Amino acid sequence: MENKEKYLIDIAKEKTYQNQYDDYHKEFSEWRTRKDNPYGYSFVHDVREHTYVDGEGYFQKKADVAEKNALIKCLGLLGGTMLAMLFIDAVISFVFYKLYNDSSVFAVHYSQVEDSRSWLSPVYAALFGAATTLKYIAGLWIFLHFSKLPRKVAIPLPKDAKVSKSGIYLILVIMVMGKMGNYLLNVIFGWMNMDCVFMLGFHNPDSVLADAIYVFFNCVLVGVFSEFLFRGAIMQMFRQFGDTYALMISVIAFSFTYYDVSSICYASLLAAVLGLFTLKTGSIKTAVLMRIVESISSYAVSCVILDNYSNGRIVIVCIYAFIVTVAAFVFARLMCNGKLNFRMRNDSSEIDNGAKLRLFVTNTSITLWLVAVLGMLVLMVRFL
């Protein structure tokens, strides 16, 4: 008797994900093949079967149609989630505008560096931190509620996964590069009389408690839940369309939560590194730790300058030089030992990345979100 299985193509079950464990593959495959799941790209076809259409003759059903339909649904969910988070950001901005008569009160601009004011009391720090944390929790809940993505897939935390120490060193170097890049952008935008953001966050030199509350919420809790959302749920779900595309989507979604032109480039680089280490380790542990270390370090060095502009710059230059020197030594050893090698394999997909990006920019909910982001960027622009 003829074995029919050798003629069957099962896209979902044949797909494997690099550096992932058996439970991840099993649950992802089961989720993708559920008949009531519009977000799963699954295609099973008997290569011997053909469909006849009057006037067109016989043709085979195409896997790219199934992939395109699932991708459109996933992009719609992503756009809706990001719009909900942007709405929360808009509410936070409106509330603090009413309190301080300044829509960008949650950021310190370069014009304020030499004469920074105490913006935030401990109570307001707690309210702001709780609202910001809630934004990421809400985004994560919306995305998981509608997609019904399994927890082991959405937030990969295998017990035997190790934290990559090289990621911690690298993220500190990225932080240094980001600070230097923002300074150069400030010089460039300064020629156009635009005031760039020096630090996205509050600092109250008169209240250690307010700063501690800010760090707990915005550097620790936000770091955890934002990684669960962007490197977890979003990037993991889009991996069914290829790791390269999933990484690009997570980078765009993450970087456009920063409504400042000078911060988007740094956020994109940060997101790319966090995404690569998530794919490399098969776990979100390293990305979460990297994000917390980056957030606290960035906040700390900014506060040093704000507290004492003249001497603070000298201290920060010394700190930057130390970080780069140590990191160069560490990376040289890792490269010699061959521990920094990581190559993303060729993605198995029926649609090329160019077509996927076109679907991204033409998706209705994505378009609405991007327009809203542009509006927030305009509202946050300050001129000298």
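Scroll up for the structure.
Note that the coordinates shown come from a computational prediction; the quantities given were computed from them, not determined experimentally. (Residues numbered from 1 in each chain as written. Predicted model: local features only at pLDDT ≥ 70, side-chain atom pairs only at ≥ 80, totals over all residues. Heavy atoms only, no water.)

A. Structural view of helix α4 (residues 122–147). Taking 1.5 Å per residue, 26 residues should reach 38 Å; α4 reaches 37 Å between its end C-alpha atoms and fits that length. Looking only at α4, the buried set comprises Ala125, Phe128, Gly129, Thr132, Thr133, Lys135, Tyr136, Gly139, Leu140, Ile142, Phe143 and Ser147. At the C-terminal side of α4, lysine 148 shows a positive phi close to 55 degrees. (Helix = DSSP H or I, 4+ residues; strand = E, 2+ residues; numbered from the N terminus. Expected span 1.5 Å × (residues − 1). Buried < 20%, exposed > 50% of the residue type's maximum accessible area, 1.4 Å probe, protein only.)

B. View of the pattern of salt bridges. Summed over the entire model, instances satisfying the criterion amount to 7 salt bridges. A salt bridge links glutamate 227 to arginine 291, with the nearest nitrogen and oxygen atoms 3.3 Å apart. Of this pair, glutamate 227 sits in helix α7 (residues 208–238) while arginine 291 is found in helix α10 (residues 285–307), placing the two residues 64 residues apart along the sequence. The same class applies to glutamate 227 as to arginine 291, namely buried. Arginine 239 serves as the salt-bridge partner of aspartate 243, at 2.8 Å between the closest nitrogen and oxygen. Exposure remark for arginine 239: the relative accessible area of 0% places this residue in the buried category. Among the ionic contacts, a cluster of salt bridges with common partners joins Glu227, Arg231 and Arg291. (Salt bridge = Lys/Arg side-chain N within 4 Å of Asp/Glu carboxyl O.)

C. Molecular detail of the environment of glutamate 14. The topology assignment puts glutamate 14 in helix α1 (residues 11–14). Of the residues examined, glutamate 14 reaches a relative accessible area of 54% and is grouped as exposed. For the pair glutamate 14 and serine 29, spaced 15 residues apart in sequence, the C-alpha to C-alpha distance is 8.7 Å.

D. Quick look at the packing of aromatic side chains. Going through the model one piece at a time under the given rule, you end up with 15 aromatic pairs. Taken together, a centroid distance of 5.6 Å and an interplanar angle of 75 degrees make the contact between tyrosine 17 and tyrosine 24 edge-to-face. Judged by relative accessible area, which is 0%, tyrosine 24 ranks as buried. With centroids separated by 6.0 Å and ring planes inclined at 55 degrees, the aromatic side chains of phenylalanine 238 and phenylalanine 241 adopt a geometry described as tilted. Members of the aromatic cluster, connected to one another through ring pairs, are Tyr17, Tyr21, Tyr24, Phe28 and Trp31. Directly above the ring of phenylalanine 254 sits arginine 231, whose terminal nitrogen or CZ lies 4.6 Å from the centroid. (Phe/Tyr/Trp six-rings, centres within 6.5 Å; stacked < 30°, edge-to-face > 60°. Lys NZ or Arg CZ within 6 Å of the ring centre and 35° of its normal.)

Honestly, it's all geometry; don't read function into it.
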